[in-house]
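# Residue-level structural notes
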Amino acid sequence: MRSAQEGDSLSYKKLLEEICVILRALLAVKVFDSDDREDVLQEILIAVHLSKHTFLPEKSFLPWLSTIANYKIIDYIRKKERKKKKEFILSNEYLPENQNIHLEDDSKERIDEILTKLSEKQRLIFRLLKLEKMSVAETAKILSMSQSAVKTAAHRIYKVIRLRPGGKL
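Residues numbered from 1 in each chain as written. Predicted model: local features only at pLDDT ≥ 70, side-chain atom pairs only at ≥ 80, totals over all residues. Heavy atoms only, no water.

## Overview of the overall build of the chain
Where we set the bar: Secondary structure elements are taken from DSSP: a helix is a run of H or I of four residues or more, a strand is a run of E of two residues or more, and numbering for both begins at the N terminus. When accessible area is computed with a 1.4 Å probe and restricted to protein chains, residues below 20% of their type maximum are described as buried, those above 50% as exposed, and intermediate ones as partly exposed. Here, residues are in contact when the closest pair of their heavy atoms is within 4.5 Å. For the area figures, the Shrake-Rupley method with a 1.4 Å probe applies, and any residue is considered shielded solely by the protein chains shown.
For the chain, the helix and strand inventory stands at eight helices and zero strands. Put simply, the chain runs from its N terminus to its C terminus through helices and strands in the order α-α-α-α-α-α-α-α. Counting all 169 residues of the chain, 28% fall into the buried class. Long-range contacts, defined here as pairs at least 24 residues apart, represent 52% of the contacts in the chain between residues at least 6 apart. Total accessible area computed for the chain in this model is approximately 11,600 Å², and 55% of it derives from carbon and sulfur atoms.

## A short note on the environment of Arg82
Position of Arg82 relative to the elements: it lies in helix α4 (residues 61–90). As a C-alpha pair, Arg82 and Met134 span 52 residues in sequence and 8.2 Å in three-dimensional space. Excluding residues within four positions of it along the chain, Arg82 makes contact with Lys133 and Glu138.

## Structural notes on the packing of helix α2 (residues 9–30) against helix α3 (residues 34–51)
For any two helices packed against each other, one specifies the inter-axial angle together with the distance between the axes. Let me state the cut-off plainly: Note on geometry: axes are C-alpha line fits, over the in-contact stretch for helices, and angles between N-to-C directions span 0 to 180 degrees. Throughout this description, any angle smaller than 35 degrees is read as roughly parallel, any larger than 145 degrees as roughly antiparallel, any in the 65 to 115 degree range as roughly perpendicular, and the remainder as oblique. Throughout, a crossing is termed right-handed when the near helix is turned clockwise from the far one, and left-handed when it is turned anticlockwise from it by less than a right angle. Throughout this entry, Asp, Glu, Lys and Arg are counted as charged residues, while Ala, Val, Leu, Ile, Met, Phe, Trp, Tyr, Cys and Pro are counted as nonpolar. The remaining residues, Gly among them, count as polar.
Viewed as axis vectors pointing N to C, α2 and α3 meet at an angle of 140°, and their least axial separation amounts to 10 Å. Judged by the inter-axis angle, α2 sits oblique to α3. Like other packed secondary-structure pairs, α2 and α3 cross with a definite hand, here right-handed. Contacts between α2 and α3 involve Tyr12, Leu16, Ile19, Cys20, Leu23, Arg24, Leu27 and Ala28 on the former and, on the latter, Arg37, Glu38, Val40, Leu41, Ile44, Leu45, Val48 and His49. Across the contact of α2 with α3, the residue classes break down as 12 nonpolar, one polar and three charged.

## With respect to the layout of surface pockets
Threshold: In this analysis a 1.4 Å probe is tested at points of a 1 Å grid over the protein atoms alone, and where it fits but cannot get out there is a cavity; an open set with protein on both sides within 12 Å along at least five of seven lines is a pocket; lining residues have an atom within 4 Å of a point. Grid points are joined across faces, edges and corners, and a volume is the space filled by probe spheres set on the points.
Size it by volume and the second largest pocket reaches roughly 160 Å³. Met1, Ser3, Ala4, Ser11, Tyr12, Lys14, Leu15, Glu18, Ile19, Ile22, Phe61 and Leu62 together form the lining of the second largest pocket. Only α1 (2–5), α2 and α4 provide two or more residues apiece to the lining of the second largest pocket. Element by element, the count of residues in the lining of the second largest pocket is highest for α2, at seven residues. The class makeup of the residues in the lining of the second largest pocket is eight nonpolar, two polar and two charged.

## Observations regarding the nonpolar core
What counts here: To qualify as a nonpolar core, a set must consist of buried Ala, Val, Leu, Ile, Met, Phe, Trp, Tyr and Cys residues joined through side-chain atoms within 4.5 Å.
Counting 23 residues, the largest nonpolar core has Met1, Ile19, Leu23, Ile44, Val48 and Phe61 as its most contacted members. For this core, the elements supplying multiple residues, two or more each, are α2, α3 and α4. Considering each element in turn, this core owes the most residues, seven residues, to α4. Residue contacts for Ile19: discarding those within four places in its chain leaves Leu45, Val48, Phe61 and Leu65. One finds Phe126, Leu128, Met145 and Tyr158 within the second-largest nonpolar core, a separate group that totals 16 residues.

So this is what it looks like as structure tokens:
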């Protein structure tokens, strides 16, 4: 990595080839889907490339690489869990009949119509929670709000949406 930071492209290419071997072994244990494993590998390599200027030459390389890899693996796991939660909620299997959530039915026009009825802050909360699929904690952090404030605002937003004719969430 030291040579790569100094502009030696051959050293950088060799480094990437060598870390691919290390990362594939690590990912084989932590990511079970082979397609996902390759996606996570690419994410890690992109992060290494974008962060190579942060590597301190007097430090050891493998702990630096491990830190980046672990963060990307955690991101992958979180994304997978959010997807599972969404699929569970959208299954409507465990919700009372009048509480079924129909995100997949909303067209872009319907979403735009909903957003025009909300304040700017409510629109942002709605976008982060429902369209960007962020958690309450992530939304609270981005907006510098408490999690309970985000939950309260979201509840009010959902109430406004449900009161509208044909209101679906």
